[in-house]
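Tertiary structure, described
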Amino acid sequence: MHPFLPVFGLLASVVLAGCAPQDVVETNAKARFAAYPDSLVAALESACKGPAQTFARPVPDSIECREYLPPEPTAAIILTYDGIAGDLPQLVIRFQTREDAQGYLVENDVYLNVPQKSGPPLKVKQQDPRLNRVVNALYRRSGGTPEP
């Protein structure tokens, strides 16, 4: 088992625990790496191999894991956020990397992607200090230094 697998499972559980109706709040975490964060990329790809998960590189320097959720939270999310049953919500864990003069800056985004009856999907983000602690621990384990 990859050493980061428990951390990604904890990320999902923190997000699911916060799936109560609330305001959509922009949250993300970032960290500085001296070199390209290969271990972070490998960890996400390794952790994102379940039957309900999809690993992707949607654009250069961006990686993400999308995961369908269990039936009960899925139903609650669809009802709470006016989603549609024909296109199920997914948990999205995304990391974007940018090279600069100091090395690499990695920014993280974790949200629920909820397709809507009309219009673009809704991104539901949770304001939860536990989520930032989990992501910052992941950055440290990958050799990065979290930034405020």
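Our subject is the structure listed above.
The following refers to the structure shown. (Residues numbered from 1 in each chain as written. Predicted model: local features only at pLDDT ≥ 70, side-chain atom pairs only at ≥ 80, totals over all residues. Heavy atoms only, no water.)

**Quick look at the overall build of the protein**
Using the following cut-off: Where helices and strands are cited, they refer to DSSP runs of H or I of at least four residues and of E of at least two residues respectively, numbered from the N terminus. The contact definition used throughout considers only heavy atoms, calling two residues in contact when any of these lie within 4.5 Å. All accessibility values rest on the Shrake-Rupley procedure with a 1.4 Å probe; residue burial counts only the protein chains present in the view.
Along the backbone of the protein there are four helices and seven strands. Reading the helices (α) and strands (β) of the protein from amino to carboxyl end gives α-β-α-β-β-α-β-β-β-α-β. Within the protein, residue pairs in contact and separated by at least 24 positions form 65% of the contacts whose partners lie at least 6 positions apart. Here the protein has roughly 7,800 Å² of accessible surface; of this, 55% comes from carbon and sulfur atoms.

**Some remarks on unusual backbone geometry**
Positive phi, normally seen in glycine, also occurs at D61, with a value near 65 degrees. By secondary structure assignment, the location of D61 is in the loop between β2 (53-56) and β3 (62-68).

**Let's talk about empty space enclosed by the protein**
Note the cut-off: The way it works is a 1 Å grid over only the protein atoms, where trapped points that fit a 1.4 Å probe form a cavity and open points with protein on both sides within 12 Å along at least five of seven lines form a pocket, and then any residue with an atom within 4 Å of a point lines it. Grid points are joined across faces, edges and corners, and a volume is the space filled by probe spheres set on the points. Nonpolar residues are Ala, Val, Leu, Ile, Met, Phe, Trp, Tyr, Cys and Pro. Charged residues are Asp, Glu, Lys and Arg, and all others, Gly as well, are polar.
Tallying each qualifying case throughout the model produces two cavities of 30 Å³ or more. Here the second largest cavity is characterised by a volume of approximately 40 Å³. Surrounding the second largest cavity, Y36, P37, L40, V41, D61, S62, I63, F95 and T97 form its lining. Where the lining of the second largest cavity is concerned, the elements lending two or more residues are α2 (38-47), β3 and β4 (90-100). Residue classes in the lining of the second largest cavity are distributed as six nonpolar, two polar and one charged.

**Details of the packing of aromatic side chains**
We count it as follows: When two rings of Phe, Tyr or Trp (its six-membered ring) have centres within 6.5 Å they constitute a pair, described as stacked for plane angles under 30 degrees, edge-to-face for angles over 60, and tilted for the intermediate range. For each residue, the accessible area found with a 1.4 Å probe, counting protein chains only, is set against the maximum for its type, and the residue is called buried under 20%, exposed over 50%, and partly exposed in between. A ring has a charge above it when a Lys NZ or an Arg CZ is no more than 6 Å from the ring centre and no more than 35 degrees off the ring normal.
Counted under the stated rule, the structure contains three aromatic pairs. With 6.1 Å between their ring centres and 80 degrees between their planes, F33 and Y139 make a pair best called edge-to-face. Here F33, found in strand β1 (residues 29-33), pairs with Y139, found in helix α4 (residues 129-141); they are 106 residues apart in sequence, far enough to count as distant. Between F95 and Y139, the aromatic rings sit 6.0 Å apart at their centres with planes inclined by 75 degrees, giving edge-to-face as the arrangement. Placement of F95 in strand β4 and of Y139 in helix α4 is noted, with a sequence separation of 44 residues between them. Judged by relative accessible area, which is 1%, F95 ranks as buried. In this structure, K123 is placed above the aromatic ring of Y111, and the distance from its NZ or CZ to the ring centre is 4.8 Å.

**Some details on the nonpolar core**
Test applied: In these notes, a set of buried Ala, Val, Leu, Ile, Met, Phe, Trp, Tyr and Cys residues joined through side-chain atoms within 4.5 Å is what counts as a nonpolar core.
Ranked by internal contacts, the top residues of the largest apolar core, which has 25 residues, are F33, L40, F95, L112 and Y139. Mapped onto this core, the elements with two or more residues apiece are β1, α2, β3, β4, β5 (103-114) and α4. At five residues, β5 tops the list of elements feeding residues into this core. Other than its neighbours up to four places away in sequence, F33 contacts L40, Q102, G103, Y104, V106, Y139, S142, G143 and G144.

Keep in mind that these numbers describe shape and distance, not what the molecule does.
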